[in-house]
Amino acid sequence: MVPGERVDLAVAGGGVIGLACAWRARSDGLRVRLLERGAPGGGATHAAAGILAPDTESEPGAAAFAALGRRSLELWPEFAAELERETGHDVGFARSGTLVVALDRDEADVVAREAEQWERLGLSATRLGGSECRRLEPGLSTACVGGVHVPHEAQVDPRRVAAALVAALGDDVRSGVEVVEATAGAVTLADGSRIEAERVLLATGAWSGAPVRPVKGQVVRLRGEPPCERMIRSEHVYVVPRPSGEVVVGATAEERGFDTTVTAGAVHELLREAYRALPEIAELEFVEAIASLRPGTPDNGPLLGERADGVLVATGHYRNGILLAPATAEAIVSLLAGGALPEAAEPFAAGRFA
Ligand SMILES: Cc1cc2nc3c(=O)[nH]c(=O)nc-3n(C[C@H](O)[C@H](O)[C@H](O)COP(=O)(O)OP(=O)(O)OC[C@H]3O[C@@H](n4cnc5c(N)ncnc54)[C@H](O)[C@@H]3O)c2cc1C
């Protein structure tokens, strides 16, 4: 890209959200430039477990989130298949389902309340006793007293998704380039050069500025014979088994500003809780523990659409940016084509905290 050249869309931020929006816009025939200050996919996307869980991630009163999440989960199979056709990259989409488990009576009360909430949101989940859970997942601890099986939830490998999107975008991605100013018609880079653009999209994750705040998440990766087939979630931890033998154990949610220190206490707690649910965890190889920053908002829903100054934003996806990437891209390309936000995205309009 020669500074001064004009493009249809300049995207600041190369996480899953910026990459997905840029790819969909390019597929619609727009000339796109994505500007990433580090390595694309190196932010929260690099840490994410890749759970696609619109129902078991929804919180009380979160009907709007569940609707957007379900729309995105509906889009994921074709999004993954198209990416694979275009790039040859397998992004690891698998409908492995979620089994939410209770490991004592107190946790059983919590799971029962959650199940009621999900049923109110129209989810058809199956409540199970402890032995039924263990029939599904023999690796579960004998302490398991019950659970809820949600078979339609799925997973992808976020690192593979980012790599595939980068491959699909080719030269349209520029790494090591920081955007220092974004206006409706141009971005200014740290070296002082400008890129003129018909539309500018800010997708800078936890670094998007107010009202977005960083929420630290620590996560552990293990490798070996997965101790379960389904994604297992307890009150304190989730375990995501991948066909590759990677097992992800997550995650903390900490309000600590931009700190990304990995702490002994967090790693200890994640592994202890994973072991409580699935004792075979202890046999796996330890691969890594990392921390990254989720983009949170005052209501922890995403910010989608146009700001008052005409700049487009797609940020604030908090714990669900991987899940919400296809629906976010769908919303942004609709706006780029002169349309409105899709109905499921309307409650998340960018101006709602202005
Ligand atoms: C531990 C953990 C586990 C998670 N698990 C899941 C999960 O299982 N499922 C799920 O759906 N979500 C999960 N998430 C959330 C998900 O990772 C995020 O919601 C998602 O990655 C947000 O994507 P993003 O593109 O907005 O941000 P990021 O991936 O953080 O990307 C933002 C990018 O913008 C770049 N940038 C910032 N400022 C500038 C600038 N000025 N100029 C140029 N570039 C800039 C950054 O370098 C970064 O690469 C998890 C998050 C964490 C931390």
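Residues numbered from 1 in each chain as written. Predicted model: local features only at pLDDT ≥ 70, side-chain atom pairs only at ≥ 80, totals over all residues. Heavy atoms only, no water.

This brings us to the overall build of the protein. Assigned secondary structure in the protein consists of 8 helices and 18 strands. In terms of C-alpha radius of gyration, the protein reaches 20 Å, essentially the compact-globule figure of 20 Å for 354 residues. Buried positions account for 54% of the 354 residues belonging to the protein. Across the protein, the fraction of contacts at a sequence separation of at least 24, relative to all contacts at a separation of at least 6, is 73%. (Helix = DSSP H or I, 4+ residues; strand = E, 2+ residues; numbered from the N terminus. Rg over C-alpha atoms; globule rule 2.2 N^0.38 Å. Buried < 20%, exposed > 50% of the residue type's maximum accessible area, 1.4 Å probe, protein only. Contact = heavy atoms within 4.5 Å.)

What follows is about helix α3 (residues 63-87). With 25 residues, α3 ought to run about 36 Å at 1.5 Å a step, and its terminal C-alpha atoms sit 35 Å apart, in line with that. At tryptophan 76, α3 shows its strongest bend, of approximately 35°, with the proline proline 77 following within four residues. Within the span of α3, buried status applies to Phe65, Ala66, Leu68, Gly69, Ser72, Leu73, Leu75, Trp76, Phe79, Ala80 and Leu83. Check the buried side of α3 and you find it contacts α1 (16-27), β3 (51-52), β7 (154-155), α6 (158-169), β17 (303-306) and α8 (321-336). Looking one or two residues beyond α3, the residue adopting positive phi is glycine 88, at roughly 80°. (Expected span 1.5 Å × (residues − 1). Bend = angle between axes of the 7 residues up to and from the residue.)

The next subject is the pattern of salt bridges. As enumerated under the stated definition, the model contains 33 salt bridges in all. Between glutamate 254 and arginine 256 there is a salt bridge, with the nearest N and O atoms lying 3.0 Å from each other. Exposure remark for glutamate 254: the relative accessible area of 12% places this residue in the buried category. (Salt bridge = Lys/Arg side-chain N within 4 Å of Asp/Glu carboxyl O.)

On to the site of the ligand, then. Around the ligand lies a shell of 35 residues, among which Glu36, Thr45, Ile51, Tyr318 and Arg319 are the nearest. Protein contacts shield 96% of the accessible area of the ligand, which totals 1000 Å² for the unbound molecule. Those elements giving two or more residues to the shell around the ligand turn out to be α1, β2 (32-36), α2 (44-47), β12 (213-223), β16 (285-296) and α8. Counting residues per element, the shell around the ligand draws most heavily on α8, at 3 residues. Split into classes, the residues belonging to the shell around the ligand amount to 17 nonpolar, 13 polar and 5 charged. (Near = heavy atom within 4 Å. Areas by Shrake-Rupley, 256 points an atom, 1.4 Å probe, with all protein chains shown as cover. Nonpolar A, V, L, I, M, F, W, Y, C, P; charged D, E, K, R; others polar.)

The next thing to look at is the packing of aromatic side chains. Inspection of the entire model under this criterion finds 2 aromatic pairs. On the numbers, 5.1 Å between centres and 90° between planes, the contact of tryptophan 23 with phenylalanine 79 is edge-to-face. With tryptophan 23 in helix α1 and phenylalanine 79 in helix α3, the pair connects residues that are 56 residues apart, well separated along the chain. Their ring planes at 70° and their centres at 5.0 Å tell us that tryptophan 76 and phenylalanine 79 sit as a pair that is edge-to-face. In this pair, tryptophan 76 and phenylalanine 79 are both assigned in helix α3, 3 residues apart and thus about one turn of the helix distant. A residue is classified by how much of its surface remains accessible, and tryptophan 76, at 0% relative accessible area, is buried. Chaining the aromatic ring pairs together yields one cluster made of Trp23, Trp76 and Phe79. (Phe/Tyr/Trp six-rings, centres within 6.5 Å; stacked < 30°, edge-to-face > 60°.)

With that settled, consider the packing of α1 against α8. Remark: α1 packs on α8, axes separated minimally by 8 Å, with the N-to-C direction vectors making an angle of 40°. By the angle class used here, α1 and α8 are oblique. The crossing of α1 and α8 is right-handed. Judged by residue contacts, Val16, Ile17, Ala20, Cys21, Arg24 and Ala25 of α1 engage Gly321, Ile322, Ala325, Thr328, Ala329, Ile332, Val333 and Leu336 from α8. Per-class residue counts for the contact of α1 with α8 are 11 nonpolar, 2 polar and 1 charged. (Axes fitted to C-alpha atoms, helices over the stretch in contact; angles between N-to-C directions. Parallel < 35°, antiparallel > 145°, perpendicular 65-115°, else oblique. Left-handed = near helix turned anticlockwise from the far one by under 90°.)

Below, the discussion takes up the pairing of strand β11 (residues 194-202). Pairing analysis gives 6 bridges linking strand β1 (residues 6-12) to β11, with the strands arranged parallel. Bridge assignment links alanine 12 to a residue of β11, and that residue is leucine 202. The pairing of strand β10 (residues 186-189) with β11 spans 3 bridges and is classified as antiparallel. Within the sheet, the bridge partner assigned to threonine 188 lies in β11 and is arginine 194. (Pairing = 2+ DSSP bridges.)

The next point concerns the confidence of the model for the protein. Predicted confidence across the protein gives a mean pLDDT of 95, with 98% of residues reaching 70 or more. On the interface metric, ipTM, the complex scores 0.99, and its pTM is 0.97. (pLDDT = per-residue confidence, 0-100.)

The next thing to look at is the environment of glutamate 346. Tracing the sequence through the fold places glutamate 346 in the segment after α8. Judged by its relative accessible area of 48%, glutamate 346 is partly exposed. With 280 residues separating them along the chain, glutamate 346 and alanine 66 place their C-alpha atoms 13 Å apart.

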